[in-house]
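Examining the three-dimensional arrangement
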Amino acid sequence: MLFREGRCFVIAEVAQAHDGSLGTAHAYIDAVAQAGADAVKFQTHIAAAESTPSEQWRVRFSPQDETRYEYWKRMEFTPPQWEGLRDHAIARNLTFLSSPFSMEAVALLDSLGVPAWKVGAGELTNLPMLEAIAATRKPVLLSSGLAGWSDLDRAVELVRERGAEAIPMQCTTQYPCPPEKLGLNLLDELRSRYRGKVGLSDHSGKIYAGLAAAVRGAEVVEVHVAFSRECFGPDVTSSLTTSELYQLVEGCRFIEKAFAHPVDKDAMADELAGLRFTFGKSWVATRDLPAGHIIQPADINLKKPGTGVPAARVGDLLSRRLRHPVTYDSLIMETDLE
């Protein structure tokens, strides 16, 4: 089962962090598996199918690619290479996912048997591609990074009409995304509006947003990953390192376990009652007190351990007569009192 009740599905998005190197892409699979994520996700770019030579750079970051088209071309893998990546992910107990950016990419990924789809923010209004994806009746993760409510409503409706599960993902297409623009409040609104699973596609480059989403019950959290912030690539500043990915996954599992085991306060207090003797305090004599002495406030003080008359019983202790003498700094016991 792809999504399990009470468990946040953590997706590690490699995107273009491999920089066109097949070996690096495989290395990311191993690193993501080691970090404990549920899925590794790539992006399937087929330059001739999705772009034209006139496509402009959003940010010119690559000194070796004269055009954006050339960059997409360098990011391509062949169908057999994609198959190898899929098989490697499965062998490492990872769900293999990749975002398509063309109808040809949809066909390629469908032939690989991807168990779900992730639609990037820029493709949310690509209705022909959504139609093709939804026709497979596999779950569709819909990134809302560039969408208003009307665009997202239309995408969710289209996917559901074709019999597929739609999972809207709160996302802000800003790299890196500052905390005030994360929109974590929208997770609850997405759940209420669409009455189903929701997720967060995070570009903050920090673990905190993903942990907050897990606390709010998000079924899916997606983060970009990079081996180091010294790596090359457009998404490095908005990525977690693989060691930070480990922390995120560990935190999500910790949170899930906590919520899965609600605590009864009284029952827990009974279970820990023995520790009251260790951490609690008892009344002790501030001086040598003879038998028959009537206890006054100046005669007593509170000190550990909590094995004598407890602190809460001060009202019962005052004006009581001692049956036995109590020496300085000794615990006053119930048996010492008349």
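Above this text you will find the structure in question.
Residues numbered from 1 in each chain as written. Predicted model: local features only at pLDDT ≥ 70, side-chain atom pairs only at ≥ 80, totals over all residues. Heavy atoms only, no water.

So, the overall build of the protein chain
The helix and strand inventory of the protein chain stands at 13 helices and 11 strands. Reported as C-alpha extents along the three principal axes, the dimensions of the protein chain are approximately 100 × 45 × 35 Å. Residues classed as buried in the protein chain amount to 46% of the 338 residues present. Accessible surface, the protein chain as shown: approximately 16500 Å² in total, 54% of it carbon and sulfur. In the protein chain, the 36 positive side-chain charges and the 44 negative ones have mean positions that sit 5 Å from each other. (Helix = DSSP H or I, 4+ residues; strand = E, 2+ residues; numbered from the N terminus. Buried < 20%, exposed > 50% of the residue type's maximum accessible area, 1.4 Å probe, protein only. Areas by Shrake-Rupley, 256 points an atom, 1.4 Å probe, with all protein chains shown as cover. Lys, Arg positive; Asp, Glu negative; His and termini not counted. Charge placed at Lys NZ, Arg CZ, Asp CG, Glu CD.)

Let's talk about the pairing of strand β7 (residues 199–202)
Here β7 shows a buried face lined by Gly 199 and Ser 201 and a second buried face lined by Leu 200 and Asp 202. Sheet topology places strand β6 (residues 166–171) next to β7; 3 bridges connect them, and they run parallel. For Cys 171, the partnering residue across the bridge sits in β7 and is Ser 201. In the classification by handedness, the crossover that spans β6, the intervening helix α8 (residues 186–194) and the parallel β7 is right-handed. Here 4 bridges tie β7 to strand β8 (residues 220–226), and the two strands are oriented parallel to one another. Residue pairing across strands places Ser 201 opposite Glu 222, the latter belonging to β8. In the classification by handedness, the crossover that spans β7, the intervening helix α9 (residues 208–215) and the parallel β8 is right-handed. (Pairing = 2+ DSSP bridges. Right-handed = clockwise from strand over helix to strand, strands pointing away.)

Here's the deal with helix α5 (residues 103–111)
All of the buried residues in α5 are Ala 105, Val 106, Leu 108 and Leu 109. What you see down the axis of α5 is that its buried residues fit within an arc of 165°, all on one side. The inward-facing, buried residues of α5 contact β2 (39–44), α4 (79–91), β3 (95–100), β4 (117–119) and α6 (127–134). Positioned one or two residues after α5, Gly 113 has a phi angle of 75°, which is positive. (Arc of directions from axis to C-beta. Contact = heavy atoms within 4.5 Å.)

Side note on the environment of Ala 116
Note that Ala 116 resides in the loop between α5 and β4. The exposure class assigned to Ala 116 is buried, which follows from its relative accessible area of 2%. The sequence separation of Ala 116 and Glu 165 amounts to 49 residues, and the corresponding C-alpha distance is 9.5 Å. Excluding residues within four positions of it along the chain, Ala 116 makes contact with Leu 2, Leu 97, Lys 138 and Pro 139.

Quick notes on the pattern of salt bridges
On inspection of all chains with the given rule, the structure shows 26 salt bridges. For the salt bridge of Glu 131 with Arg 162, the shortest nitrogen-to-oxygen distance reads 2.5 Å. Highlighted residues: Glu 131 in helix α6 and Arg 162 in the loop between α7 (149–161) and β6, separated in sequence by 31 residues. You can call Arg 162 partly exposed: its relative accessible area is 27%. With a closest N to O distance of 3.2 Å, Arg 313 and Asp 316 form a salt bridge. By relative accessible area, which is 26% here, Arg 313 ends up partly exposed. When its relative accessible area of 41% is taken as the criterion, Asp 316 is described as partly exposed. Salt bridges sharing common partners tie together Arg 7, Asp 38, Arg 253 and Glu 256. (Salt bridge = Lys/Arg side-chain N within 4 Å of Asp/Glu carboxyl O.)

Describing the nonpolar core
The biggest cluster of nonpolar side chains holds 64 residues, and the ones touching the most others in it are Phe 96, Leu 142, Leu 245 and Leu 248. Those residues in contact with Leu 142, other than ones at most four positions away along the chain, are Val 119, Leu 124, Leu 130, Leu 152, Ala 155, Val 156, Val 159, Ala 166, Ile 167, Pro 168 and Met 169. (Core = buried A, V, L, I, M, F, W, Y, C linked by side-chain atoms within 4.5 Å.)

With respect to the packing of aromatic side chains
Remark: the centre distance and the inter-plane angle together describe each pair of aromatic rings, the angle taken between the planes. Throughout the structure, instances matching the rule amount to 8 aromatic pairs. Note on Phe 77 and Trp 82: the rings are 5.3 Å apart at their centroids and 75° apart in plane angle, and the pair reads as edge-to-face. On the basis of relative accessible area, Phe 77 is assigned to the buried category, the value being 9%. Taken together, the ring pairs connect Phe 42, Phe 77, Trp 82 and Phe 96 into an aromatic cluster. (Phe/Tyr/Trp six-rings, centres within 6.5 Å; stacked < 30°, edge-to-face > 60°.)

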